[in-house]
Amino acid sequence: MPISRIAIGNLVEVTKPDALKAALAEFICTITFVFPAEGCNLVFSKMITTAGPAAGLITASLSHGFALFAAVSIGANISGGHVNPAVTFSALLGGYITLFRSILYWIAQLLGSVVSVYLLKFATNGLEVSPYPPTLPWNAVIFEIVLTFLLVYTYYATSFDPKKGNMGIISPIAIGLIVAANILSGGALFGAAMNPAIAFAQAFISWTWTYHWVYWLGNFIGATVAALVYQIIFIGRDTHEQLPITEY
């Protein structure tokens, strides 16, 4: 079972240079993702007056997809480019990261997201990203579960799976595209955070915590289901592959 693969690690690990560098990479990656993605929402909320919500939905999907593609690309070789507490949690369940390093990642991701929205507020002379608390919270939970499942499953298939081979740039492209597709799918009507760090930053800057739990419960359930499904069915215990037979 994947749960048996969870590694607690050692508290000393959080002081080691490689762990600190990985956390710094997560911090930078999160800013790389959240700043342009949420900045697009701010700009178009002020500029679009006649095109209606459809144009805003399309631009939001593109900005989130492109920004996440860049964020995952620049962090992949250092921290894994998680940029998302739910993704880090799924990696913890699969045994790809220790508990102590996960906590370090979560702190870096939340801090990076909060710093991003404050940088946006300063750069735009006081504009703030506002949370969109769902009017139907349990519908939103279902959306978050499904959309986060798709996102984390994509991470597993293109990044975590030891049999994936050399995916190169394909992995961050696929991850960015699934986020863009999820937003366009209609999940944006209920928030479509897929990332508790973004929801946390929006709630923190406005101090509006109404139904904030939706984006932790839904995201972590979706991440858990994706990790268990992929780990049990497609990875399993034996990941060894037969080496090619060579005549010497």
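Read on for a plain summary of the structure. Every value quoted in this text rests on a predicted model; they were computed, and no experiment measured them.

### Some thoughts on the layout of surface pockets
- Here the second largest pocket is characterised by a volume of approximately 260 Å³.
- Lining the second largest pocket are 17 residues, and of these Ala76, Asn77, Ser159, Gly168 and Ser171 sit closest to its centre.
- At the level of secondary structure, the elements contributing two or more residues to the lining of the second largest pocket comprise helix H2 (53-75), helix H5 (137-160) and helix H6 (170-184).
- Of the residues assigned to the lining of the second largest pocket, the class counts are 7 nonpolar, 9 polar and 1 charged.

### Section: unusual backbone geometry
- Despite not being glycine, Val83 has its phi angle at roughly 55 degrees, a positive value.
- Its place among the elements puts Val83 in the loop between H2 and helix H3 (85-93).
- Judged by relative accessible area, Val83 falls into the buried class, the value being 0%.
- You will see that Trp207, though not glycine, has its phi angle at about 55 degrees, which is positive.
- Mapped onto the secondary structure, Trp207 falls in the loop between helix H7 (196-206) and helix H8 (214-235).
- The class for Trp207 is exposed, based on a relative accessible area of 60%.

### Observations concerning the packing of aromatic side chains
- All chains considered together, the criterion is met by 19 aromatic pairs.
- Three or more aromatic residues joined by ring pairs form one cluster here, namely Tyr96, Phe149, Tyr153, Tyr155, Tyr156, Phe160, Tyr230 and Phe234.

How each quantity is defined
Residues numbered from 1 in each chain as written. Predicted model: local features only at pLDDT ≥ 70, side-chain atom pairs only at ≥ 80, totals over all residues. Heavy atoms only, no water. 1 Å grid on protein atoms, 1.4 Å probe; cavity = no way out; pocket = protein on both sides within 12 Å on 5 of 7 lines; lining within 4 Å. Points joined across faces, edges and corners; volume = space filled by probe spheres on them. Helix = DSSP H or I, 4+ residues; strand = E, 2+ residues; numbered from the N terminus. Nonpolar A, V, L, I, M, F, W, Y, C, P; charged D, E, K, R; others polar. Buried < 20%, exposed > 50% of the residue type's maximum accessible area, 1.4 Å probe, protein only. Phe/Tyr/Trp six-rings, centres within 6.5 Å; stacked < 30°, edge-to-face > 60°.

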